[in-house]
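Commentary on secondary and tertiary structure
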Amino acid sequence: MNCGVIDMGEKVQVATTWLQSCSGCHISLLDLHEELLDVLDLIEIVYSPLMDIKEIPRVTVGLVEGAVANDYNEEVLREMREQSDILVAFGTCACFGGIPGMRNLHLLQDVLARAYVETESTVDGIIPESPEIPALKQHVHAISDIVKVDYMIPGCPPPPQMIKNAIVALVNGEEIVLPTKNLCNDCKRKHDSMLIPKRAFLTEAVQSAPELDKIDRDKCFLEQGVMCMGPATRTGCGSRCLDANMPCRGCMGPTPDALEQGAKIVNALASILPAGGLMFNEDVVGTGYRYSLPVSIYPHRADDLEEEVNEEENEGDEQ
Amino acid sequence: MSIGLCLCKCNRTISDVVNIDALFDWYREQGIDVMGCDELCSADCQNELLNNIRENEWSGIVIGACSPKHYETTKNQSAILQSIADAGINPNKIAFANLREQLALPNSGDGVLEKAKCLIDVAISKIEHSADVLVEEIPPRRSALIIGASISGVFAALRLADAGYKVHIVDKGEIGDFSEYITPEELAKIDVSLTCAMTPSFAGIKMHPNVVMYPETTLTDVYGRVGDYTVQLEGGEILKVGGIIVCVRDAELTSKLRPILHIDIDSEGYFRPKNPAFVVETRDPGKYLAVGDDVRSDILAADSAVLSLTSILDKNEINHIIEVSEVDEDVCGGCGTCVKTCMFHATSIDLARNVSVTDATRCVGCGNCVVACPTGARDLVRYPNSYMIDAIRILGGFKTSGASPKVLAMLCDGSGYPAADRAGLMGLTYPTGVLPLRVSCAGRVDTQFILYAFKVGFDGVFIGECPEGACHNIVGNTDLARRANLFRAVLRSRAIDTDRLRIEEISPLEGDLFVEAINEFVDELRGD
Ligand code: SF4
Ligand code: SF4
Ligand code: SF4
Ligand code: SF4
Ligand code: SF4
């Protein structure tokens, strides 16, 4: 990869695709609204899920949304890598496996059985088997598990401005630089008792989600006993949930010094909130690993043997 | 960086079990300078080691010998560590492979050589992953605090005052009332009345120009290091002293003093020495215990404590190793989790820069904040994260024979590790597949490490920690328990049986309990 090769005279050729995803990251790009026009002055999108082009052309920048959950995802991803000078993991699913990655908490056969046979509305369900249907992979992967990734733009979805800044940086031959601190650094909520050097629980009161309307909108969630993933989450989203009086759910993924988000938030909260906070206690795994299970230390069940991944190409960029 | 490896035969204790020649060849082939010796505790071997360090300009040294505890808790052995540092090796680049207490004594048979390599590789990794620690020189204060105007307290005060030290003596009650410090039975044993025995001494300290008495006073805060402590009394008065002698023998008072003084306690709730043979020394070289079982031993203990303390404070300079928890300011977002976690009030947020900072005079290097830090911005100079992970990877590479389980035993410095040493010295045995890893504290056990251990193939993770209420770092075991309670849900979600994580409370001398617990765990893992 060489980001110095971009010719400023012409528009930079960009391809985008989505794998196992919800299309939200693409929507977030569109959410730039009129600013999208500024971006389109710089780049030309020559391939995307919204266009009817069969082959991925050679491009300078490839943006990949979504995780790798089936064989077709992997095929598209490898082709995208092949055709892009710079490959960008676009959004949390691509960066860390995201929401689809939670599937790794279950065995594949159980997932299929649940989806096709056991759902309450299903009568005489069968698990489809056809060469036409891409086989589900045993585990969901972040794209860096499969191919080399040059940059990532995390966020579920990444905020429009962040996407714009990243594209502009690449067009200018610069690196995409992500912030490295945690969300608390940019949180505007009042943060008092967390800062008092005294060993004690922050609060004895533990609140749960339905009580969010009763809490102080200007005060740190944790200090009010409300589970917030902000401490274990990379900043950069503009604290959008916090501003809407919703605690952070961790969608930007871990900070660069942490090995994973889930264990880290366990370590942190156990000593500062009674029982680590009620909401957390009820679903430690869903809270800690919601967005990053496939890149966590132990990314799947122990009774589910890891499938073969092509080792040579498996050199994900750990930015 | 060139690393030297010193392999000690320990007068055949090690070499009869571990093939030292094979180790020699193996590490030579890796390009590491290896030297051997019969008994590293002897002066000849120590001189040879020091010569080798100087000649080969080693920047790190792995000592494959007896337990590092041996070097840290006995004065003459810690002198060799000082000499190694003087020979040019940073204290953080001296690493140990415990080939005696935790290998040759408790293990035998096939896997021993491979396990020795694992333990040595872990020590090499520790050197490679550790940055130099800062060593600071300070002139010690020639003053002392005596806690408790008991018989030993008064004698210690007199000795120190006579030797020219400024002495502050604090007691929660009246000073001069000795009736609570001596029973009529004890009194009957000495030939004089209590009044005759103590009144002159009491008068002595009362009249002495170097002694200041603080009756009916309690302590609110003590921090600092040998040679330079800051002591706060109730009411706010601040004293600056070079050393502290604790002269209380009262379990209730001990429990009140412990979170302030940070001296370990025994199972009965009394302050305990760091080594049962050296009854006045604590793990802090500036804090001493002077409590005997009767009047005579009280006075002997006072003398011994005074002698130990003055032998340090009489020096012109004392070296301090600054082994605080460090902060990566690019990552720290000032969340304050470390501030809430630290028992020693050593961390705070620098509000102007919104980053966490560590007060080196308070930090004891326990690592609890490093584990708690949700961003990974904190790291421990003595046991860095990258070393811990690499060590687990190395130990995870050990191949056990047949169906025998592989157990990572994370052993805390305060109890688990010395208990395992003790087990070896007691001649007790356990399977070679138990791979020890020393940690500063149970509070240093990051749940990330546990997950990683299962990932690299351990069948079980055993954590040996201090008993409840007796944690070396006050709250390390409490915090581990809280973390583990939440963390078990993570194990369950990965279909890892939570019984594969075992946390066991052991006192430092309970080698038998350690072996019982570890063997039971291994049997359970094997499915017996
Ligand atoms: S990162 Fe979020 S918004 Fe983007 S595809 Fe995944 S689930 Fe959708
Ligand atoms: S814990 Fe949440 S609410 Fe509190 S400061 Fe951090 S991000 Fe803000
Ligand atoms: S506040 Fe948290 S969950 Fe919300 S967008 Fe930001 S990082 Fe994501
Ligand atoms: S816990 Fe970590 S991120 Fe939070 S203030 Fe402390 S060092 Fe900074
Ligand atoms: S290492 Fe221990 S004493 Fe030092 S700052 Fe961290 S928690 Fe406090």
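1. Side note on the domain arrangement of chain B
When the parts of a complex come together, some accessible area is lost, and that lost area is often taken as the interface size. Taken domain by domain, chain B holds domain 1 (1-133), domain 2 (143-313), domain 3 (323-366) and domain 4 (383-528). One C-alpha centre belongs to domain 1 of chain B, the other to domain 2 of chain B, and the line joining them spans 39 Å.

2. Some thoughts on a nonpolar patch on the surface
Together, Trp18(A), Ile27(A), Leu30(A), Leu50(A), Met51(A) and Ile53(A) make up an exposed nonpolar region whose accessible area comes to about 520 Å². If you trace the backbone, Ile27(A) turns up in helix H1 (residues 24-30).

3. Side note on the packing of aromatic side chains
Using the criterion set out here, one finds four aromatic pairs over all chains in the structure. Their ring planes at 40° and their centres at 5.0 Å tell us that Tyr71(B) and Phe96(B) sit as a pair that is tilted. Of this pair, Tyr71(B) sits in helix H3 (residues 68-73) while Phe96(B) is found in strand E4 (residues 94-98), placing the two residues 25 residues apart along the sequence. Assigned by exposure class, Tyr71(B) and Phe96(B) land together as buried. Arranged with centres 5.9 Å apart and planes meeting at 85°, the rings of Phe462(B) and Phe514(B) form a pair that is edge-to-face. On the criterion of sequence distance, the pair formed by Phe462(B) in strand E21 (residues 460-465) and Phe514(B) in helix H18 (residues 511-526) is long-range, its members being 52 residues apart. By way of ring pairs, the aromatic residues Tyr430(B), Phe462(B), Phe514(B) and Phe521(B) are connected into one cluster. Geometry around Phe221(A) places Arg189(A) over its ring, the cationic atom sitting 3.8 Å from the centre. In this structure, Lys126(B) is placed above the aromatic ring of Tyr383(B), and the distance from its NZ or CZ to the ring centre is 5.2 Å.

4. Description of the sheet that holds strand E3 (residues 59-65) of chain A
Residues and elements named next belong to chain A. Here five strands make up an open sheet; going across it, the order is E2-E1-E3-E5-E7 and the pairing parallel. In this open sheet, the two edge strands, each paired with only one partner strand, are strand E2 (43-47) and strand E7 (151-153). Each adjacent strand pair in this sheet contributes to an overall mean axis angle of 30°, direction not counted. When strand E5 (residues 84-90) meets E7, the two strands line up parallel, connected through three bridges. Note on E7: the bridge partner recorded for Phe-90 is Ile-153. Along the sheet, helix H2 (residues 35-42) makes contact with strand E1 (12-18) and E2, crossing E2 at roughly 80°.

5. Thoughts on the pairing of strand E16 (residues 347-350) of chain B
Residues and elements named next belong to chain B. The pairing of E16 with strand E17 (residues 355-358) spans four bridges and is classified as antiparallel. By the bridge assignment, Ser-348 is partnered in E17 with Val-357. The turn joining E16 and E17, which pair antiparallel and follow one another in sequence, is formed by four residues; a positive phi near 55° is taken by Asn-354.

6. Topic: the site of ligand 4
If you check the shell around ligand 4, you find 13 residues, and the closest are Cys332(B), Cys335(B), Gly336(B), Cys338(B) and Cys373(B). Class assignment of the residues belonging to the shell around ligand 4 gives a composition of six nonpolar, six polar and one charged.

7. A look at unusual backbone geometry
In this model, Cys156(A) is joined to Pro157(A) through a cis peptide bond whose omega is -10°. Examined against the element boundaries, Pro157(A) turns out to sit in the loop between E7 and helix H6 (160-171). For His33(A), which is not a glycine, the phi torsion comes out positive at approximately 50°. Mapping His33(A) onto the fold places it in the loop between H1 and H2. Unusually for a residue other than glycine, His262(B) sits at a positive phi of about 55°. Relative to the assigned elements, His262(B) resides in the loop between helix H10 (251-261) and strand E13 (287-289).

8. Focus on the interface of chain B and chain A
Each side of the interface is counted separately: chain B has 51 residues, and chain A has 48 residues. When chain B packs against chain A, close to 4,000 Å² is buried across both sides, 58% of that on carbon and sulfur atoms. Summed over the three residues of chain B that lose the most area to chain A, namely Lys340(B), Leu486(B) and Arg494(B), the buried surface amounts to 22% of that side. Between chain B and chain A we count two salt bridges in total. A salt bridge links Lys264(A) to Asp446(B); the nearest nitrogen and oxygen atoms lie 3.2 Å apart. Here chain B is connected to chain A by 29 residue pairs in polar contact (both at pLDDT 80 or more).

9. Digging into the nonpolar core
Ile143(A), Leu40(B), Ile84(B), Ile120(B), Met410(B) and Leu437(B) are the most contacted members of the largest nonpolar core, which has 179 residues in total. Not counting residues within four places of it along the chain, the set of residues in contact with Met410(B) comprises Leu437(B), Val439(B), Val445(B), Phe449(B), Ile450(B), Val461(B), Phe462(B), Ile463(B) and Gly464(B). Listed in part, the 60 residues of the second largest apolar core include Leu158(B), Met198(B), Val280(B) and Ala290(B).

10. Here's the deal with the packing of helix H7 (residues 151-162) of chain B against helix H11 (residues 295-313) of chain B
A packed helix pair is summarised by two numbers, namely the angle formed by the two axes and the spacing between the axes. All names here are of chain B. H11 packs onto H7 with a crossing angle of 40° between their chain directions and a minimal axis gap of 8 Å. As for the relative orientation of H7 and H11, their crossing is right-handed in sense. Side by side, H7 and H11 meet where Ile-151, Ser-152, Phe-155, Ala-156, Arg-159 and Leu-160 of the first sit next to Val-295, Asp-298, Ile-299, Ala-302, Asp-303, Val-306 and Thr-310 of the second.

11. Considering the environment of His168(B)
All names here are of chain B. Its place among the elements puts His-168 in strand E7 (residues 166-170). Exposure remark for His-168: the relative accessible area of 8% places this residue in the buried category. Dropping the residues within four chain positions of it, His-168 is found in contact with Ala-144, Leu-145, Ile-146, Val-212, Tyr-214, Leu-239 and Val-241.

So, how was this worked out
- Residues numbered from 1 in each chain as written.
- Chains lettered and ligands numbered in written order.
- Predicted model: local features only at pLDDT ≥ 70, side-chain atom pairs only at ≥ 80, totals over all residues.
- Heavy atoms only, no water.
- Domains from an automatic or database assignment.
- Patch = residues over 30% accessible without salt bridge, like charges linked within 9 Å, V, L, I, M, F, W, Y side chains within 5 Å.
- Areas by Shrake-Rupley, 256 points an atom, 1.4 Å probe, with all protein chains shown as cover.
- Salt bridge = Lys/Arg side-chain N within 4 Å of Asp/Glu carboxyl O.
- Helix = DSSP H or I, 4+ residues; strand = E, 2+ residues; numbered from the N terminus.
- Phe/Tyr/Trp six-rings, centres within 6.5 Å; stacked < 30°, edge-to-face > 60°.
- Buried < 20%, exposed > 50% of the residue type's maximum accessible area, 1.4 Å probe, protein only.
- Lys NZ or Arg CZ within 6 Å of the ring centre and 35° of its normal.
- Pairing = 2+ DSSP bridges.
- Axes fitted to C-alpha atoms, helices over the stretch in contact; angles between N-to-C directions.
- Contact = heavy atoms within 4.5 Å.
- Near = heavy atom within 4 Å.
- Nonpolar A, V, L, I, M, F, W, Y, C, P; charged D, E, K, R; others polar.
- Buried area = accessible area lost by both parts, 1.4 Å probe.
- Polar contact = N/O pair within 3.5 Å; in protein donor to acceptor, adjacent residues only side chain to side chain.
- Core = buried A, V, L, I, M, F, W, Y, C linked by side-chain atoms within 4.5 Å.
- Left-handed = near helix turned anticlockwise from the far one by under 90°.

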